[in-house]
Amino acid sequence: NRNLQATIRNLKNRSRSFERALDRELDRDRNDRWGNRNRGDRIEDLAEDFKNAAARLDDEYDNRNDYDDSYDEAQRVLQLGSQLDRALSRSRLGYGLQNQWNQIQRDLRTLSNAYSGNYRNNRNDRNNRNNRNDDWRNRIPFPFP
C-alpha cells in the first residue's frame, strides 16, 4: 500500500511537471518538431487530461487508501497514459521531456500491475514482439520434444 501510494503521488507530480514542460516545448517549437499546430494541441490536451486524471486518482486513493474505490480512476489514468504514449511515439521528444516520460512510464507499469490494468507502452510492446525468446518452441512449424 505504501509503495502504491508513493507511485500514485509520483505520477501526480510527474504528470504535472511533464504537462508544463510539454507546454513550454510546444510553445517554443510549435510547427517544426510537432508537425502542425493541431497535432501539438491534441497532445497538449491529452497531457492535461492525463495530469487531471492522475490528480483525481491521488485524491481518491489518498482519501480511502482502497484499491476498489480508486479502480475507475486508475483505469482512466492507464487509458490516457496509453493514448498519450501513442501520440508521443509519433513525435520527437527532446531529451529532458523523454526522460520525464520514461519515469512516468515506469509509474504507469507499476500502477497497471497493482490494478491489473492494461497499460500498453507501444514502443516496448513492439520491441518485445520482435524479440520474444520465451515462446520459441511455439513458433517452430513442427513438433519439438
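Whatever comes next refers back to the structure up there.
Residues numbered from 1 in each chain as written. Predicted model: local features only at pLDDT ≥ 70, side-chain atom pairs only at ≥ 80, totals over all residues. Heavy atoms only, no water.

J.: Account for the overall build of the protein chain, with residues named and values stated.
T.: Summing up its helical and strand segments, the protein chain has 5 helices and 0 strands in all. Residues counted as buried form 37% of the 145 residues belonging to the protein chain. Counting only contacts in the protein chain whose residues sit at least 6 apart along the sequence, the fraction spanning at least 24 positions is 70%. Roughly 8900 Å² of accessible area belongs to the protein chain as shown, and the carbon and sulfur atoms make up 37% of that amount. (Helix = DSSP H or I, 4+ residues; strand = E, 2+ residues; numbered from the N terminus. Buried < 20%, exposed > 50% of the residue type's maximum accessible area, 1.4 Å probe, protein only. Contact = heavy atoms within 4.5 Å. Areas by Shrake-Rupley, 256 points an atom, 1.4 Å probe, with all protein chains shown as cover.)

J.: Outline the packing of aromatic side chains, listing residues and values.
T.: Working definition: an aromatic ring pair is given by the centre-to-centre distance plus the angle between the planes. The tally for this structure, following the rule as stated, stands at 3 aromatic pairs. With centroids separated by 5.3 Å and ring planes inclined at 40 degrees, the aromatic side chains of Phe18 and Trp101 adopt a geometry described as tilted. Highlighted residues: Phe18 in helix H1 (residues 2–28) and Trp101 in helix H4 (residues 95–114), separated in sequence by 83 residues. Like Trp101, Phe18 is buried. Each member of the aromatic cluster is reached from another via a ring pair, and the members are Phe18, Phe50 and Trp101. (Phe/Tyr/Trp six-rings, centres within 6.5 Å; stacked < 30°, edge-to-face > 60°.)

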